[in-house]
Amino acid sequence: MKKIYFDSAASTVIDERVIDTMMQSLRYDFGNPSATHSFGQEGKSRIESVRKAIARWLNVSANEIIFTSCGTESNNLIIRSCIENLHIKRIITSPLEHKCVLETVRDLKEKHPDIEVVFLPVKDRKGDLDLNVLEEYLQENKPTLVSLMHGNNEVGNLIDLKFIAELCKRYNALFHSDTVQTMAHYPLDFSDIPIDFASCSAHKFHGPKGSGIAYIRKTTGLKGITTGGAQERNMRAGTENIYGIAGLGKSFDLAMEELDERRKIIEELKHYAIEQLSLHIPNVRFNGNCTDFDKSLYTLVSILLSFPNTMVGFQLDMRGIAVSQGSACSSGAAKPSGTMLQLYPEEELKNTTTLRISFSHYNTKEEIDELVSVLEEIRKKASSTIHVGNG
Ligand code: PLP
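> Which residues make up the layout of surface pockets, and what values go with them?
Empty space left among the atoms is revealed by rolling a probe the size of a water molecule over them. Considering only enclosed or pocket space, the second largest pocket measures out at about 350 Å³ in volume. Taken together, 18 residues make up the lining of the second largest pocket; nearest its centre are Asp128, Leu129, Leu158, Ile159 and Asp160. Among the residues making up the lining of the second largest pocket, the classes are represented as eight nonpolar, five polar and five charged. Shared between two domains, the lining of the second largest pocket takes at least three residues from each, and those domains are domain 1 (16-257) and domain 2 (259-390).

Structure representation (structure tokens):
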């Protein structure tokens, strides 16, 4: 059976060229990068050249790039250190964030009950945030961190990163954005966008798992939260994951060099998927802003099927097709996700099924045809079962 992968928002297939780079690194970069001998120093120089290359892509200075193990760690480091070291008294975020932000904020609130946590209201069924409320809060003079994701991993909504960064700057608030779904998928120029912190994860753009970055604007004075080593400019103690960093560097370079080419292919796939799903799946709905290409990630489509079936993801998998039922991170959960509950009344979601179909430049239109045809079969079976049951 030919297998079809439509879950690139959860993780991507690793690029062969990235594997080659990592194999070289695995073979030769065995010296400890903190050692002063040539074995260590060669590894150190590989790390520093990746740091410089990523800094160039983001138009920032190299010492603002900190290597971490993943997006989750980057978000934890940034948000926790803002509270623990920068005397932030209020966090403004949204209920649509990834759980590595939501749970970190909840944990901090438990440990520091005096901090204020504000969740911006979602103002419509598309999942747009009410930025007037954000501005009202920012007008109050309180040391604030705003944490809003750039691209939503479940429904794909994008925020206007520059507009929000400028708003935060106007009111002296720090601004963090979880850019895990957008970094290396969009050109991001942080000399033009006055953002303070951002996160990135290599496995979202055909790099290895276990390797990410935190962008930390140096003027913020953010400090590390792990102890026991001076690595990563004192921001992250511990011997560096040099092979992961080599893979991250290669996948970042390739993603940026091939960005327009990859984007064109993926945008066409997304258009085609929306067209075919609308034609063949009766009453299919598209969640959030995902049919508006200016306001949503080009890499994914999130749909609401008009029948309840917690097994759709499993049934597709049995036919060799991988998609995500709900968010990847909570897949298998029968309950609607927190994000979906912000977009639809719970009652309405009871008779529906949410699927996220996410693409990479390796996918094809034929694969979309296969997905749509299998989904159609599943839907027909579901409606005949409902019919028999009702009869
Ligand atoms: N933030 C977003 C928006 C994500 O989509 C993910 C991964 O699904 C993460 C954070 C976590 O990233 P990582 O898997 O690198 O920890």
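> Tell me about the domain arrangement of the chain, and please be specific about residues and values.
Taken domain by domain, the chain consists of domain 1 (16-257) and domain 2 (259-390). Computed from C-alpha atoms alone, the centre-to-centre distance between domain 1 and domain 2 is 29 Å. Taken residue by residue, the interface counts 30 residues in domain 1 and 30 residues in domain 2. Contact with domain 2 buries area across many residues of domain 1, yet Arg125, Glu154 and Val155 alone supply 29% of it, more than any other trio. At the boundary of domain 1 and domain 2, one finds one salt bridge. Arg125 is the partner of Glu348 in a salt bridge, and the nearest nitrogen-oxygen pair spans 2.6 Å.

> Any chance you could break down the confidence of the model for the chain for me, citing the residues and the numbers?
Confidence along the chain averages 95 in pLDDT terms, with 96% of residues attaining 70 or more. Long-range and interchain partners of residues 327-333, a stretch whose pLDDT sits below 50, account for seven contacts in this model, where long-range means more than four residues apart. Low pLDDT (under 50) marks residues 387-391, which in the prediction has zero contacts with non-local residues, meaning those over four places away or in another chain.

> Just give me the short version of the sheet that holds strand S6 (residues 174-177), but keep the residues and values in it.
One open sheet accounts for seven strands, arranged S2-S8-S7-S6-S5-S3-S4; its pairing is mixed. The open sheet has two edge strands, strand S2 (65-68) and strand S4 (116-119), and neither has a second partner. The mean angle between the axes of side-by-side strands here comes to 20 degrees, regardless of whether they run parallel or antiparallel. One ladder, built from five bridges, connects strand S7 (residues 197-201) with strand S8 (residues 212-216); its direction is antiparallel. Residue pairing in the sheet places Phe197 in a bridge with Ile216 of S8.

> Got a sec to walk through the nonpolar core? Specific residues and values, please.
Formed by 46 residues in total, the largest nonpolar core has its most connected members in Leu58, Phe175, Phe190 and Phe252. Elements supplying a minimum of two residues to this core: helix H2 (38-58), S2, helix H5 (131-139), helix H6 (161-170), S7, S8 and helix H7 (242-257). Examining the composition of this core, we find that six residues originate from one element, H7, more than from any other. If sequence neighbours within four positions are ignored, Phe175 has contacts with Leu145, Val146, Leu148, Ile159, Leu161, Ile164, Ala165, Cys168, Ile195, Asp196 and Phe197. Among the nonpolar cores identified, the runner-up in size contains 37 residues, and Ile266, Ile281, Ile368 and Leu375 belong to it.

So, how was this worked out
- Residues numbered from 1 in each chain as written.
- Predicted model: local features only at pLDDT ≥ 70, side-chain atom pairs only at ≥ 80, totals over all residues.
- Heavy atoms only, no water.
- 1 Å grid on protein atoms, 1.4 Å probe; cavity = no way out; pocket = protein on both sides within 12 Å on 5 of 7 lines; lining within 4 Å.
- Points joined across faces, edges and corners; volume = space filled by probe spheres on them.
- Nonpolar A, V, L, I, M, F, W, Y, C, P; charged D, E, K, R; others polar.
- Domains from an automatic or database assignment.
- Contact = heavy atoms within 4.5 Å.
- Buried area = accessible area lost by both parts, 1.4 Å probe.
- Salt bridge = Lys/Arg side-chain N within 4 Å of Asp/Glu carboxyl O.
- pLDDT = per-residue confidence, 0-100.
- Pairing = 2+ DSSP bridges.
- Helix = DSSP H or I, 4+ residues; strand = E, 2+ residues; numbered from the N terminus.
- Axes fitted to C-alpha atoms, helices over the stretch in contact; angles between N-to-C directions.
- Core = buried A, V, L, I, M, F, W, Y, C linked by side-chain atoms within 4.5 Å.
- Buried < 20%, exposed > 50% of the residue type's maximum accessible area, 1.4 Å probe, protein only.

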